[in-house]
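Overview (structure and organization)
Letter by letter, the chains look like this.
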Amino acid sequence: MNARAMLVHHTRYRYDRPVHLGPQTIRLHPLPGCATMLAHELSISPAPSTQAWCHDPFGNRVARVTFEGRVTHFDITATLTTDQTPIIPRPLAVAPAARIWTAQSVDDGPSLVTYRHPAATDAPTTPTPHLDALVAKWRARLPCPTADLLMDLTRAIAADITYRIRPEAGVWSPEETLSQGAGSCRDTAWLLIAVLRRLGFAARFVSGYLFQPERCAPEQLGCELHAWAQVHVPGTGWVGLDTTSGLRAAQGHVALAAAPRPQQAAPVSGLLDQCTATFEATMHTTVQPPHAACGPLRSSLSS
């Protein structure tokens, strides 16, 4: 049975004085080709002076907006209708030449080069003893079946790193996450990416929505902003790996932006005058009856 869910996601910024907002980039549209998206709308207040959809260098569909004059607030409302019909992930169809991963294996397509560069926080001049030891541990398993390697590594990080909600901005370096033995979804996703790249995989950071039953009310469907990793598997393409659950991404994972680095996948980014700002985000999910019509597939940006 189909399970349609409508999400209304409000993001509110309030400033302690009128400020000039520089150009803002909004990454709240599902990735092109998202199979579960049925409809999407984006509204902004105050009304921007210019607004346009475009694709960034990584293929994400983003809205770029500008404002004239000063503003005291910046409100974004994203409305998304998605198909949450449960699916069973298919076994990874790894290309024959890559079914066994070795220490020399490299997925070296020209378009993947940027996704194989070591993370900036893992520069050779920065000591990373914890990360070095973890990579050495997994490199010692090679050669081994590629699909097993990916899932075993994802499950190991989920089991060994305690999940921690971190309201403060930013992403910890892989070394800090390992030394803390804990981290947010974005921290552990970045850790997995660092390890995958050192093992020769192309990997990227993903920000998006996660639809799942509410913890305190399993009969209700909730949604939250989430982060996970994607690895490029020869023969299959990009595959989502979630380090909070230790599982592959499924229908509940709706990717909004994917990029080589976390900062490049932030839901909203842009410059503004120096001020004191407050931030609030709310999400409301409504499960629609199977016969509910959502109209034709659409995507719009309105004021």
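Structure first, text after, so check above.
The notes below deal with the structure included here. Source: prediction; values computed, not measured. (Residues numbered from 1 in each chain as written. Predicted model: local features only at pLDDT ≥ 70, side-chain atom pairs only at ≥ 80, totals over all residues. Heavy atoms only, no water.)

In this section: the sheet that holds strand β12 (residues 221–233). The 5 strands lie next to each other as β14-β13-β12-β11-β15, forming an open sheet whose pairing is antiparallel. The open sheet has two free edges, formed respectively by β14 (247–248) and β15 (253–259), since each of these has just one partner strand. Pairing between strand β11 (residues 203–213) and β15: 6 bridges, direction antiparallel. Opposite Tyr209, over in β15, you have Val254 as the bridge partner. Against the sheet, helix α2 (residues 146–160) contacts β12, β13 (237–242) and β14, and its axis sits at roughly 25° relative to β13. (Pairing = 2+ DSSP bridges. Helix = DSSP H or I, 4+ residues; strand = E, 2+ residues; numbered from the N terminus. Contact = heavy atoms within 4.5 Å. Axes fitted to C-alpha atoms, helices over the stretch in contact; angles between N-to-C directions.)

Before going further, it helps to spend a moment on the packing of aromatic side chains. Enumeration over the complete set of coordinates arrives at 5 aromatic pairs. Ring plane angle 50° and centroid distance 5.3 Å describe the contact between Tyr13 and Phe279, whose orientation is recorded as tilted. Taken as a pair, Tyr13 in strand β1 (residues 4–19) and Phe279 in strand β17 (residues 277–288) lie far apart in primary sequence, 266 residues in all. Residue Tyr13 is classed as buried on the basis of its relative accessible area of 19%. Judged by centre distance (5.4 Å) and plane angle (75°), the ring pair of Phe67 and Phe74 falls under edge-to-face. We classify Phe67 as buried; its relative accessible area is 11%. Put simply, the rings of Tyr13, Phe67, Phe74 and Phe279 touch in pairs and so form one group of aromatic residues. Sitting over the face of the ring of Trp172, Arg166 holds its NZ or CZ atom 4.3 Å from the ring centroid. The aromatic ring of Trp238 is capped on one face by Arg204, whose charged end is 4.1 Å from the ring centroid. (Phe/Tyr/Trp six-rings, centres within 6.5 Å; stacked < 30°, edge-to-face > 60°. Buried < 20%, exposed > 50% of the residue type's maximum accessible area, 1.4 Å probe, protein only. Lys NZ or Arg CZ within 6 Å of the ring centre and 35° of its normal.)

On to the pattern of salt bridges. Enumeration over the complete set of coordinates arrives at 9 salt bridges. The salt bridge involving Asp75 is made with Arg14; its shortest N-O contact spans 2.6 Å. One end of the pair, Asp75, is in strand β6 (residues 71–83); the other, Arg14, is in strand β1, with 61 residues separating them in the sequence. A salt bridge links Arg198 to Asp132; its shortest N-O distance comes to 2.6 Å. With Arg198 in helix α4 (residues 185–198) and Asp132 in helix α1 (residues 129–139), this residue pair connects regions lying 66 residues apart in the sequence. Since its relative accessible area comes to 37%, Asp132 is described here as partly exposed. Through salt bridges with shared partners, a single network forms among Arg141, Asp152 and Arg155. (Salt bridge = Lys/Arg side-chain N within 4 Å of Asp/Glu carboxyl O.)

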